[in-house]
Amino acid sequence: LAAIMEDLSAAERQGIIASLDEQTAGAVLAELDERLTTQIVEKLDPGKAADILEEMAPDAAADVLADLPKQTFDEVLEEMPGQEAREVRELLQFDPSTAGGMMNPDFAFVGEETTRDEVIQWMRNQDLNLDQLDTIVLLDKAASFAGTVTVSRLLLAAPEQSVSELKMEPLLNLEPDAKGEEVFELFDKYNLRSLTVIDENKHPIGVITV
């Protein structure tokens, strides 16, 4: 749908977005050229725009908002619920070309002493984004980054096996001010699908997906 819309007029694009439910509209905007996305959101009612952005991943919503004129930015953000608005504001503090600007603050994490079966059961009871659920972040008792484990390793492990035994090596992470070049280099060197971003206390604050 996004590919089709790129060949349509501005009025036709607005008509299509207006006719879609918020979840579908958010998915379409995430696939559109940034320039077209900005044009569409700028012409939407702030409440409608906020409803659509709520359905997008926080990092994608932040990217859209960052390109809007100041007045439109303020109006749309004002219409967003508190938690979503806070996540977006936090992401907008980072330069888009850094790890912090690329990360998604919504990610799956468990204690490293959890068993494989406990993690699987926990995942079944969560509202997770299955399209991006490739890796689980592990925390130690101090809630610091302890590694990651892929879902494929979880599925093949024994039911009572601790996830700490399944963690990937080496333990890779970046701080939010790491430059984009460093991010790309790690993804390329280790053939990663995701990379954890940590704060100064080693607590995970987001995940960058490939």
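See the structure shown above.
A quick note: this is a predicted structure, and the numbers were derived from the prediction, not measured. (Residues numbered from 1 in each chain as written. Predicted model: local features only at pLDDT ≥ 70, side-chain atom pairs only at ≥ 80, totals over all residues. Heavy atoms only, no water.)

Novice: Got a minute to help me understand the sheet that holds strand 5 (residues 194-198) in this structure?
Specialist: Each strand in a sheet pairs with its neighbour through backbone hydrogen bonds, running either in the same direction (parallel) or in the opposite one (antiparallel). Across the sheet, which stays open at both edges, the three strands sit in the order 4-5-6 with mixed pairing between neighbours. The two strands at the open ends of the sheet, each matched to only one other strand, are strand 4 (173-174) and strand 6 (204-209). As paired elements, strand 5 and strand 6 share five bridges and run antiparallel to each other. Within strand 6, the position partnered with threonine 196 by the bridge is valine 207. (Pairing = 2+ DSSP bridges. Helix = DSSP H or I, 4+ residues; strand = E, 2+ residues; numbered from the N terminus.)

Novice: Quick question: what am I supposed to make of the sheet that holds strand 1 (residues 109-111) here?
Specialist: Spatially, the three strands line up as an open sheet ordered 1-2-3, and their pairing is mixed. Each edge of the open sheet is held by one strand with a lone partner, namely strand 1 and strand 3 (145-150). Recorded for the sheet is a direction-independent mean angle of 35 degrees between the axes of neighbouring strands. Pairing between strand 2 (residues 135-139) and strand 3: five bridges, direction antiparallel. Note that in strand 3 the partner of valine 137 across the bridge is threonine 148. (Axes fitted to C-alpha atoms, helices over the stretch in contact; angles between N-to-C directions.)

Novice: Would you explain the pattern of salt bridges in this entry?
Specialist: Opposite charge on two side chains allows them to pair when their charged atoms are near. Evaluated as defined, the whole model comprises seven salt bridges. Across the pair glutamate 22 and lysine 48 runs a salt bridge whose closest N-O atoms are separated by 3.7 Å. One end of the pair, glutamate 22, is in helix 3 (residues 22-31); the other, lysine 48, is in helix 5 (residues 46-54), and 26 residues separate them in sequence. On the basis of relative accessible area, glutamate 22 is assigned to the partly exposed category, the value being 27%. The partner of glutamate 112 in a salt bridge is lysine 167, with the nearest N and O atoms 3.4 Å apart. With glutamate 112 in the loop between strand 1 and helix 10 (116-124) and lysine 167 in the loop between helix 11 (151-156) and strand 4, this residue pair connects regions lying 55 residues apart in the sequence. The class of lysine 167 is buried, set by a relative accessible area of 17%. (Salt bridge = Lys/Arg side-chain N within 4 Å of Asp/Glu carboxyl O. Buried < 20%, exposed > 50% of the residue type's maximum accessible area, 1.4 Å probe, protein only.)

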